[in-house]
Amino acid sequence: MANEDFKKFVIKNAQLIYPRLDSTYRYDVGESRSVKCEATAGGASWSCGILLNKEEATALHKEFVAHYNDRKGEKKMPDFKKVFGMKKRNDDGLVILTVKKNGSNQSGKANEAPKVLAGDLSPLDNRTIWSGSVGTVRFFAFPSLNPQREGGISLLLDAIQVTKAVYGSDDTGDDFAPVQMEVEQKETETPADDDDPFGLPPTKASADFDDEIPF
């Protein structure tokens, strides 16, 4: 039986920002940036941001709040406070929605990496894509508590189909100028009930997700 705490979302033609999909990363306080690390390191995760305009972000936020309120009584959780991983970007009116998957579960065992697919639904050979790439992102929203015991929605990355990949140049003389690569998107029959273009089952759709809560 599916765990009703986890609601699936699919965003097509998503503008990707700060994708970290080639490896797990964690924030290094000394370097003030995210650095590559082993999946079992503390705080390790795969992650990707989605750039949203105000209207898109508002609509999603309403869905997240509704899902939290639908489940909070079952979970005996406090009133909704925030969407963990959703924040405004400066003053340009855009919002970054960051979805991620922990490198390991609560037992310390490494998790399977999220699927990263090419346009034909084969595994993407080079997962080191840059901001500016475009794709379809599938993730799950679920109620959780942050370290301050505030109630909110966390976002679990499941799969990404990259339809336009942007890569950095290996030539330092070019100052790592981004290089775009258009990817042909496979035409697939889309189920009418959930509008999911992947044609693949979720990585997991059970209570096992409890081991991957970001906090």
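Thresholds, definitions, all that
Residues numbered from 1 in each chain as written. Predicted model: local features only at pLDDT ≥ 70, side-chain atom pairs only at ≥ 80, totals over all residues. Heavy atoms only, no water. pLDDT = per-residue confidence, 0-100. Helix = DSSP H or I, 4+ residues; strand = E, 2+ residues; numbered from the N terminus. Contact = heavy atoms within 4.5 Å. Buried < 20%, exposed > 50% of the residue type's maximum accessible area, 1.4 Å probe, protein only. Pairing = 2+ DSSP bridges. Core = buried A, V, L, I, M, F, W, Y, C linked by side-chain atoms within 4.5 Å. Phe/Tyr/Trp six-rings, centres within 6.5 Å; stacked < 30°, edge-to-face > 60°. Expected span 1.5 Å × (residues − 1). Bend = angle between axes of the 7 residues up to and from the residue. Polar contact = N/O pair within 3.5 Å; in protein donor to acceptor, adjacent residues only side chain to side chain.

The next thing to look at is the confidence of the model for the chain. Chain-level statistics for the chain give a pLDDT mean of 85 and a share of 78% at 70 or above. Predicted confidence in the chain is weakest over strand β10 (residues 178-182), with a mean pLDDT of 58, and strongest over strand β3 (residues 45-52), with 98. Considering only residues more than four positions removed or in separate chains, one finds that residues 184-193, a stretch of pLDDT under 50, has 15 contacts. In this model, residues 205-215 is a region of pLDDT below 50 whose contacts with residues beyond four sequence positions or in other chains number 32 contacts.

Quick look at the pairing of β3 now. Taking burial as the measure, the 8 residues of β3 include 7 buried ones, the bulk of the element. Across 5 bridges, the pairing between strand β1 (residues 7-28) and β3 is antiparallel. Bridge assignment links Ile-17 to a residue of β3, and that residue is Gly-49. By the bridge criterion, 8 bridges tie β3 to strand β6 (residues 94-102) in an arrangement that is antiparallel. Paired with Ser-47 across the strands is Lys-100, a residue of β6.

Core analysis: the biggest nonpolar cluster contains 33 residues, and Phe-64, Leu-97, Val-137, Phe-139 and Leu-155 have the highest contact counts within it. For this core, the secondary-structure elements that each account for two or more residues are β1, β3, α1 (54-75), β4 (80-83), β6, β8 (134-145) and β9 (151-168). Sorting elements by how many residues they give to this core places β9 first, with 7 residues. Those residues in contact with Phe-64, other than ones at most four positions away along the chain, are Phe-9, Val-83, Leu-97, Phe-139, Ala-141, Ile-153 and Leu-155.

The subject of this paragraph is the packing of aromatic side chains. Scanning all chains against the criterion turns up 5 aromatic pairs. Judged by centre distance (4.8 Å) and plane angle (35°), the ring pair of Phe-6 and Phe-142 falls under tilted. Here Phe-142 lies in strand β8 and Phe-6 lies in the segment before β1, a separation of 136 residues in the sequence. Plain terms: the ring middles of Phe-9 and Phe-139 are 5.5 Å apart, the flat faces sit at 10° to each other, and that makes the pair stacked. Of this pair, Phe-9 sits in strand β1 while Phe-139 sits in strand β8; the two residues are 130 residues apart in sequence, bridging distant segments of the chain. No difference in accessibility class separates Phe-9 from Phe-139, as the two residues are buried. Among the aromatic residues, ring-to-ring pairing joins Phe-9, Phe-64 and Phe-139 into one connected group.

Turning our eyes to something else, we now look at α1. Over its 22 residues, α1 runs 30 Å from end to end, which matches the ideal 32 Å to within 8%, given 1.5 Å per residue. The sharpest bend along α1 reaches about 25° and sits at Asn-69. Those residues of α1 lying buried are Ala-57, Leu-60, Phe-64, His-67, Tyr-68 and Arg-71. Capping the start of α1 is the job of one residue whose side-chain oxygen sits 3.1 Å from the backbone nitrogen of Glu-55: Asn-53. Count one or two residues on from α1 and you reach Lys-76, which has phi positive near 55°.

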